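Structural overview
In case you want the letters, here they are:
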Amino acid sequence: MPEASSPTRKRIVEAATKLFYAEGIGRVSVDAIAEKAGLTKRTLYYHFKSKDDLIAAYLDGRDQPNLKRMAIWFDAAEGGADRKVEAIFTNLARAARHPKWKGCGFLRTAAELASMPGHPAIKVGSRHKSNFETWLAGEFSDRGVEEPQALAREIVLLIDGSFSIMLIHRNPDYIEAAGRAAATLVRARISSNRV
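Residues numbered from 1 in each chain as written. Predicted model: local features only at pLDDT ≥ 70, side-chain atom pairs only at ≥ 80, totals over all residues. Heavy atoms only, no water.

Per an unreviewed UniProt entry, the protein chain goes by TetR/AcrR family transcriptional regulator and derives from Mesorhizobium newzealandense.

A few points about the overall build of the protein chain
If you tally the helices and strands in the protein chain, you get nine helices and zero strands. C-alpha atoms of the protein chain, sized along the principal axes, occupy 65 × 35 × 30 Å. Taken over 195 residues, the protein chain has a buried fraction of 45%. For the protein chain, restricting intrachain contacts to residue pairs at least 6 apart in sequence, the fraction spanning at least 24 positions comes to 68%. Approximately 10400 Å² of the protein chain is accessible, and the part contributed by carbon and sulfur atoms is 53%. Averaging the positions of the 30 positive and the 23 negative side-chain charges in the protein chain gives two centres separated by 5 Å. (Helix = DSSP H or I, 4+ residues; strand = E, 2+ residues; numbered from the N terminus. Buried < 20%, exposed > 50% of the residue type's maximum accessible area, 1.4 Å probe, protein only. Contact = heavy atoms within 4.5 Å. Areas by Shrake-Rupley, 256 points an atom, 1.4 Å probe, with all protein chains shown as cover. Lys, Arg positive; Asp, Glu negative; His and termini not counted. Charge placed at Lys NZ, Arg CZ, Asp CG, Glu CD.)

So, the side chain of His119
Here His119 is to be found in the loop between helix H6 (105-112) and helix H7 (120-142). We classify His119 as buried; its relative accessible area is 4%. Not counting the four nearest positions on each side in its chain, His119 is found in contact with Asp52, Ile55 and Leu113.

Structural notes on the UniProt feature "domain: HTH tetR-type" (unreviewed entry) in the protein chain
In this numbering, the UniProt entry assigns the feature "domain: HTH tetR-type" (unreviewed entry) to residues 6-66. As annotated, residues 6-66 has a helix share of 79% and a strand share of 0%, and its two end C-alpha atoms lie 22 Å apart. (UniProt positions renumbered as here; feature names shortened; annotations may be inferred.)

As for the pattern of salt bridges
Counted according to the given criterion, the structure contains 11 salt bridges. The shortest N-O distance in the salt bridge between Asp82 and Arg187 comes to 3.1 Å. With Asp82 in helix H5 (residues 81-96) and Arg187 in helix H9 (residues 173-194), this pair connects stretches of sequence that are 105 residues apart. (Salt bridge = Lys/Arg side-chain N within 4 Å of Asp/Glu carboxyl O.)

A short note on the packing of aromatic side chains
Summed over all chains, the structure comprises four aromatic pairs. An aromatic cluster is built from Phe74, Phe132 and Trp135, whose rings are joined through pairwise contacts. When the ring centre of Phe74 is taken as origin, the NZ or CZ atom of Lys84, which lies over that ring, is 5.8 Å away. Here the basic side chain of Arg108 rests over the ring of Tyr21, its NZ or CZ set 5.4 Å away from the ring centre. (Phe/Tyr/Trp six-rings, centres within 6.5 Å; stacked < 30°, edge-to-face > 60°. Lys NZ or Arg CZ within 6 Å of the ring centre and 35° of its normal.)

Points about the packing of H6 against H7
Here H6 crosses H7 at 145 degrees, and the two axes come no closer than 10 Å. You can see that H6 and H7 cross each other, and the crossing is left-handed. Within the contact between the two elements, H6 uses Phe106, Leu107, Thr109 and Ala110 and H7 uses Ala121, Ile122, Val124, Gly125, His128 and Lys129. Class assignment of the residues belonging to the contact of H6 with H7 gives a composition of six nonpolar, three polar and one charged. (Axes fitted to C-alpha atoms, helices over the stretch in contact; angles between N-to-C directions. Left-handed = near helix turned anticlockwise from the far one by under 90°. Nonpolar A, V, L, I, M, F, W, Y, C, P; charged D, E, K, R; others polar.)

Listed below in structure tokens is the structure:
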């Protein structure tokens, strides 16, 4: 297997990312990915032993950029932890209003692979969600918010729940409503700390 940082491998992942996010992993063939990357299928399989490995690489490539984006939104927001958390939801709602927005790639992929819990992409998605939860708990802990791990988990449930309902209703107002609920949860943990 060639290095993970090779330009050809990156080109394949970029092509797969565009197609998988736009159409879903099940609807995209390896032939379509190779064509979009401007390569032969043989070259694709030289870099990835299977479509499953390519799906995992697609999600792995989204992990850090998504986490960084959430951290930027959190850090840029004025106010306390409640406003910072709500800013994540506000920015997610703004992103969801874009016509090319298709939801959370991690959740959409997990739904398509629901009958395959050991799939490498499920493991990547699980790690991503855990990393976000751990990061958020750390931010809460740094700010003296009570029960930071439990609160971070509750916020993850609100985010993923709003992503799920968006796939049905296509209405970003659900994300904003989840953001207000998240801010309320944070304020309750802050005010109980002051009693």
